[in-house]
Protein chains: 2
Amino acid sequence: MNTNRNYKNLQDSYLFATIGQKVKAYTATNPDKKIIRMGIGDVTLPLAPAVITAMQNAVAEMGVPETFRGYGEDYGYEFLRTAISEYYIKKGANISPSEVFVSDGAKCDVANILDIFAAGSTALIPDPVYPVYSDTNIMAGNKIIFTHGNEANGFLPMPDESINADIIYICSPNNPTGAVYNKEQLQKWVDYAISKDAIILYDSAYEAFIQDDLPTSIFQISGAEKCAIEIGSLSKTAGFTGTRCGYTIIPHTLERDGMSLHKMWSRRQSTKYNQLPYIIQRGAEAAFLPDGLAQNKKNIAYYLQNAKLMSETFDGLGIRYCGGKNAPYIWLKCPDGLKSWDFFDALLEKANVVGTPGAGFGSQGEGFFRLSAFGSKENTIEAMERVKNFLK
Amino acid sequence: MNTNRNYKNLQDSYLFATIGQKVKAYTATNPDKKIIRMGIGDVTLPLAPAVITAMQNAVAEMGVPETFRGYGEDYGYEFLRTAISEYYIKKGANISPSEVFVSDGAKCDVANILDIFAAGSTALIPDPVYPVYSDTNIMAGNKIIFTHGNEANGFLPMPDESINADIIYICSPNNPTGAVYNKEQLQKWVDYAISKDAIILYDSAYEAFIQDDLPTSIFQISGAEKCAIEIGSLSKTAGFTGTRCGYTIIPHTLERDGMSLHKMWSRRQSTKYNQLPYIIQRGAEAAFLPDGLAQNKKNIAYYLQNAKLMSETFDGLGIRYCGGKNAPYIWLKCPDGLKSWDFFDALLEKANVVGTPGAGFGSQGEGFFRLSAFGSKENTIEAMERVKNFLK
């Protein structure tokens, strides 16, 4: 019997596990120090009142025979698929409810979507990158070509005609850099994907943070319905990191290799998945209705205010960075040419602030550092004071 | 670009979709007839009060900053893994919390577990079978050998030394037949798996229905820690079909091909999954605590009472059947040598009762029929009266 030998090609230690160990070790020897965590991108504000109310009602329904629900509709309840469809239509993206597949998160969908492509496909992945993109392709035995994000291109790699790929990953606003593609740039990617018979996997997990006039969906780009799958999430939009809801949008018109990708994903999900809990789907619906949208917008504004403070701090220190304006991440250049893990250690020891070293996101991340804006306002203010004192 | 061509080998029409269409068509032309549904195995009793209370508290926690939770622990919260571990220890199966992986359902785990095995592995699957086992192996490009369940072996196939397989599926109590392996039979399967260097995937979704002195876990069998993975579910045990919670148990000692399967599943889940919602995990925990266990036991007794009535009905009619004693399914032989879809049509038209034709579960299902005991007592009584009148 053989196991999946591709797993041997994975790196052993996971980035955030290593960070956790270092912080644990430091805290053990410095128990009096107050550590401010700006590393892992996890939200801190509670769920919106409209979401809480919706879920409380749904829990009550599940305790009564007349309103109890068993197995849900295959691709998510129509009430939720409709709410998501309307969210997209308001953005000028013509998505119908039947093109929406509800799930328990963008991470799961980004990983599982590879099931419908042939093993050995070529994935075009940005570097620096969210580790799930690369790890899942390694597990699938796929070939990976990295496109480089760097200061020269504003961490927004553009298509290279000489490269051929099957699956193109675009995350905009980007994790970890916070960089955001504009319409012209995305149009170039869509045109490239069509010319290469490739599929774009568009991760829009952070689209709700966009303030400027920038695309919030790949389906705002002409031709995207011929080459793109979009994967969205309520994790950051509505604070659902511990509540779980994502969605994958596949246009009915999307075909490759003579196959309808919508039909393939339908088959994959109806065979391997049994949908999101009813209670959670009601909570997610509330997040897309007017009250929930307004409440979550306030939370997002709160996080963006943190990001603004962080941006101003680094502006004042003359440290170059990306992000912070249309995303909850600041991607800063390590001062004095420090390597990212060395800067991590120094920041932890001298300022008692935890961030994420850029090298953890790929080769192009070396010399850079990610700080997240999901903490409390008070902690963010304090963290920035400490950083200023440390770096002067 | 190539899609996963294995999908072309899947059957187009899904069993329960076809049933749904036939019922819809009949109802359209006979709107006055009251249809009693005993086809799909979905629960009808509401969630236990202890589960409802736990989830209401958890929803409230998620609305307050001090108790709000973001990303959960990687393999499930310790409180839930511990509750599941204790459930197993009470059954005489020595499982530690760190060997428990929480998920949103046995269906997902049974499907996704194939990720850790090599593509092209050989799966030994019982026929008749829960379609997910065979479909997911087709999707993975695996080879399938079917072992036959039939009247001669009481729908409990036993090992055939001349057959070599990598992955052995055992579902006990069985869906669709309701047959249950005894200890000696499972010991033979464990010994066989060890001798063939194979892994048993043991689906224990219906173990809570066992009344007689029969195994309720593969880990009650000597040597199972060297060859088995068990996948359990709260769907039928606690009515969680629309609430979602399952768990996969992998002993630390389980190795194949020089790899720790526990480590591989850990890597798969931490990379491709982001855990079950906190709210649902608190509900699941309550299902494993004394009050929840007692309340769910009552619900299971209710369904088993239905099954008993159904058994007595078929005893009285002289119709042979399997199940109904330690499982919520009755697997009956179609009367008069009718083919299963013909019996489906006749039962729908003459008795207005919906069941599931055995042919939908595989070649060995032809000539058999599944009825589920998850309905209300009143509907079950009425359905059995109609069946008696129809078959006299």
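Let me sum up the structure you'll find in this document.

Rules and cut-offs
Residues numbered from 1 in each chain as written. Chains lettered and ligands numbered in written order. Predicted model: local features only at pLDDT ≥ 70, side-chain atom pairs only at ≥ 80, totals over all residues. Heavy atoms only, no water. Least-squares fit on C-alpha atoms with pLDDT ≥ 70 in both. Contact = heavy atoms within 4.5 Å. Axes fitted to C-alpha atoms, helices over the stretch in contact; angles between N-to-C directions. Helix = DSSP H or I, 4+ residues; strand = E, 2+ residues; numbered from the N terminus. Parallel < 35°, antiparallel > 145°, perpendicular 65-115°, else oblique. Nonpolar A, V, L, I, M, F, W, Y, C, P; charged D, E, K, R; others polar. Core = buried A, V, L, I, M, F, W, Y, C linked by side-chain atoms within 4.5 Å. Buried < 20%, exposed > 50% of the residue type's maximum accessible area, 1.4 Å probe, protein only. Pairing = 2+ DSSP bridges. Right-handed = clockwise from strand over helix to strand, strands pointing away. Phe/Tyr/Trp six-rings, centres within 6.5 Å; stacked < 30°, edge-to-face > 60°. Lys NZ or Arg CZ within 6 Å of the ring centre and 35° of its normal. Polar contact = N/O pair within 3.5 Å; in protein donor to acceptor, adjacent residues only side chain to side chain.

Superposing chain B onto chain A takes a rotation of 180 degrees combined with a translation of 0.0 Å along the rotation axis, leaving an RMSD of 0.0 Å. This pairing of chains is accounted for by a two-fold axis. For chain B, the smallest separation between a C-alpha atom and the rotation axis is recorded for B:Gln56, amounting to 3.1 Å. When the interface residues of chain B are mapped onto chain A, 100% of them are again interface residues, pointing to one common binding face.

Residue and element names in this part refer to chain A. As a packed pair, helix α9 (residues 290-317) and helix α11 (residues 377-391) sit with axes 10 Å apart at the nearest point and diverge in direction by 10 degrees. When the interaxial angle is binned, α9 and α11 end up roughly parallel. On α11, the residues that touch Tyr 302, Asn 306, Leu 309, Met 310, Thr 313, Phe 314 and Leu 317 of α9 are Lys 377, Glu 378, Thr 380, Ile 381, Met 384, Val 387, Lys 388 and Leu 391. Looking at the contact of α9 with α11 residue by residue, the class counts come to 9 nonpolar, 3 polar and 3 charged.

Below, the discussion takes up the nonpolar core. Judged by nonpolar contacts, the single largest core of 208 residues is most densely connected at A:Ile200, A:Leu371, B:Ile200 and B:Leu371. Not counting chain neighbours up to four residues away, the residues in contact with A:Ile200 comprise A:Ile168, A:Ile170, A:Trp189, A:Val190, A:Ala193, A:Cys227, A:Ala228 and A:Ile229.

Bringing the side chain of B:Thr248 into the picture now. Mapping B:Thr248 onto the fold places it in strand β8 (residues 246-249). Once you skip the residues sitting within four places of it in the chain, B:Thr248 turns out to touch B:Glu99, B:Val100, B:Phe101, B:Asp109, B:Ile229, B:Glu230, B:Ile231 and B:Trp265.

The subject of this paragraph is the pairing of strand β4 (residues 143-148) of chain B. Residue and element names in this part refer to chain B. Here strand β3 (residues 122-127) pairs with β4 via 6 bridges, running parallel. Across the sheet, residue Ala 123 finds its bridge partner in β4, namely Ile 144. In this fold, β3 hands off to helix α5 (residues 131-139), which returns the chain to β4; that crossover is right-handed.

For the rest of this paragraph, the subject is the sheet that holds strand β8 (residues 246-249) of chain A. Residues and elements named next belong to chain A. What the 7 strands build is an open sheet, ordered β2-β8-β7-β6-β5-β3-β4; its pairing is mixed. With one partner strand each, in any of the chains shown, β2 (100-103) and β4 (143-148) form the two edges of the open sheet. Averaged over all pairs of adjacent strands, the angle between their axes in this sheet comes to 20 degrees, without regard to strand direction. In terms of strand pairing, strand β3 (residues 122-127) meets strand β5 (residues 167-171) through 2 bridges, oriented parallel. Directly across from Leu 124, in β5, lies its bridge partner Ile 168. Relative to β2, helix α7 (residues 261-272) is tilted by about 25 degrees, and along the sheet it contacts β2, β6 (199-203), β7 (228-233) and β8.

For the structure shown, the criterion picks out 48 aromatic pairs over all chains. Here A:Tyr87 and A:Tyr88 contribute two aromatic rings whose centre-to-centre distance is 6.2 Å and whose plane-to-plane angle is 75 degrees, an arrangement assigned as edge-to-face. Their ring planes at 80 degrees and their centres at 6.0 Å tell us that A:Phe155 and A:Trp331 sit as a pair that is edge-to-face. One end of the pair, A:Phe155, is in the loop between β4 and β5; the other, A:Trp331, is in strand β12 (residues 329-333), and 176 residues separate them in sequence. We classify A:Phe155 as buried; its relative accessible area is 8%. We classify A:Trp331 as buried; its relative accessible area is 0%. Cluster of aromatic residues (ring-pair linked, three or more members): A:Tyr206, A:Phe209, A:Tyr302, A:Tyr303, A:Tyr329 and A:Phe374. If you follow B:Arg282 out to its NZ or CZ, it ends over the ring of B:Phe79, 3.8 Å from the centre.

All names here are of chain B. Here Ser 260 lies in strand β10 (residues 259-260). In sequence terms Ser 260 and Ile 250 are 10 residues apart; their C-alpha atoms lie 9.7 Å from each other. A polar atom in the side chain of Ser 260 sits 3.0 Å from the backbone nitrogen of Lys 263.

Residues and elements named next belong to chain A. Here the residue pair Asp 127 and Pro 128 is connected by a cis peptide bond, since its omega of 10 degrees sits within 30 degrees of zero. Mapped onto the fold, Pro 128 is located in the loop between β3 and α5 (131-139). Of note in the backbone geometry, Asp 197 takes a positive phi value of approximately 60 degrees without being a glycine. By secondary structure assignment, the location of Asp 197 is in the loop between α6 (183-195) and β6. By relative accessible area, Asp 197 is classed as partly exposed at 34%. A positive phi is found at Asp 336, a non-glycine position, where the angle reads about 55 degrees.

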